[in-house]
Amino acid sequence: MDDPFSDAPAPGQPGWREWKPTDPTRFNAVMGPVVYRAEGAIVRVRMTPGREHSNVRDAVHGGVTLAFIDIALFAAARASGTITTGTGVTLGLETQFIGEGAIGEPIEAQVELLRETGRLLFLRGLVVQGDGDRRIAAFSAMIRKPPSARKDP
């Protein structure tokens with residue numbers, strides 16, 4: 001299977017990589033550019049919400065936050081080398097909303113891979129804004145890896 005995502009150095013952002021669907025009609029493209037960078041055990045994933053991502057309070061819509069977290073899980077799995085191509089499946093995503101995100105300012109998911117088994121990834125993290133002092137959400141998740149990435153005994 002061809003990789004459904006392009007992954008290249010992010011223009012004008014040294015050390016960051018841009019990750020986007022190769023088919024711009026896919027849902028992930030609605031998020032706009034998503035960039036990531038691994039820093040030790042944490043993978044930082046960013047996007048900048050625009051008006052199209054807002055709710056009636058002019059804050060980041062909760063559905064956008066959830067979609068961003070889901071996308072960030074897979075960007076982090078790619079950055080950690082646990083999933084390189086193909087499609088995985090989110091089996092569980094638990095999220096606690098802590099605060100609202102501002103439109104026009106990057107939001108960042110800080111994702112940590114807790115454990116990898118033959119078929120599964122267990123991850124957790126925070127969505128923050130600003131210098132990380134504004135927390136938007138906390139999450140934990142489980143992904144089933146695509147067959148091409150499985151380490152079956």
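Keep in mind the model is a prediction, meaning the values are calculated, not measured.

A look at the side chain of Thr-65
Reasoning step 1: Locating Thr-65 in the fold gives a position in helix H1 (residues 62–79).
Reasoning step 2: On the basis of relative accessible area, Thr-65 is assigned to the buried category, the value being 2%.
Reasoning step 3: In this structure, Thr-65 is in contact with Val-60, Phe-97, Ile-136 and Ala-137, ignoring residues within four places of it in sequence.

Points about the pairing of strand E6 (residues 107–116)
Reasoning step 1: Two elements, strand E4 (residues 42–47) and E6, share six bridges in a ladder whose sense is antiparallel. By the bridge assignment for E6, Val-45 is matched with Ala-109.
Reasoning step 2: Of the strand pairs in this sheet, E6 and strand E7 (residues 120–129) are connected by nine bridges, and their pairing is antiparallel. Each residue of the ladder has a partner; that of Ile-107, found in E7, is Gln-129.
Reasoning step 3: The antiparallel hairpin formed by E6 and E7 contains three residues in its connecting segment.

A look at the environment of Ser-54
Reasoning step 1: Considering the arrangement of structural elements, one finds Ser-54 in the loop between E4 and H1.
Reasoning step 2: Along the backbone, Ser-54 and Val-127 are 73 residues apart, and their C-alpha atoms lie at a distance of 16 Å.
Reasoning step 3: Setting aside chain neighbours within four positions, we find Ser-54 in contact with Ala-59, His-61 and Ile-103.
Reasoning step 4: At 2.6 Å, the side chain of Ser-54 forms a polar contact with the backbone oxygen of Arg-51.

Rules behind the numbers
Residues numbered from 1 in each chain as written. Predicted model: local features only at pLDDT ≥ 70, side-chain atom pairs only at ≥ 80, totals over all residues. Heavy atoms only, no water. Helix = DSSP H or I, 4+ residues; strand = E, 2+ residues; numbered from the N terminus. Buried < 20%, exposed > 50% of the residue type's maximum accessible area, 1.4 Å probe, protein only. Contact = heavy atoms within 4.5 Å. Pairing = 2+ DSSP bridges. Polar contact = N/O pair within 3.5 Å; in protein donor to acceptor, adjacent residues only side chain to side chain.

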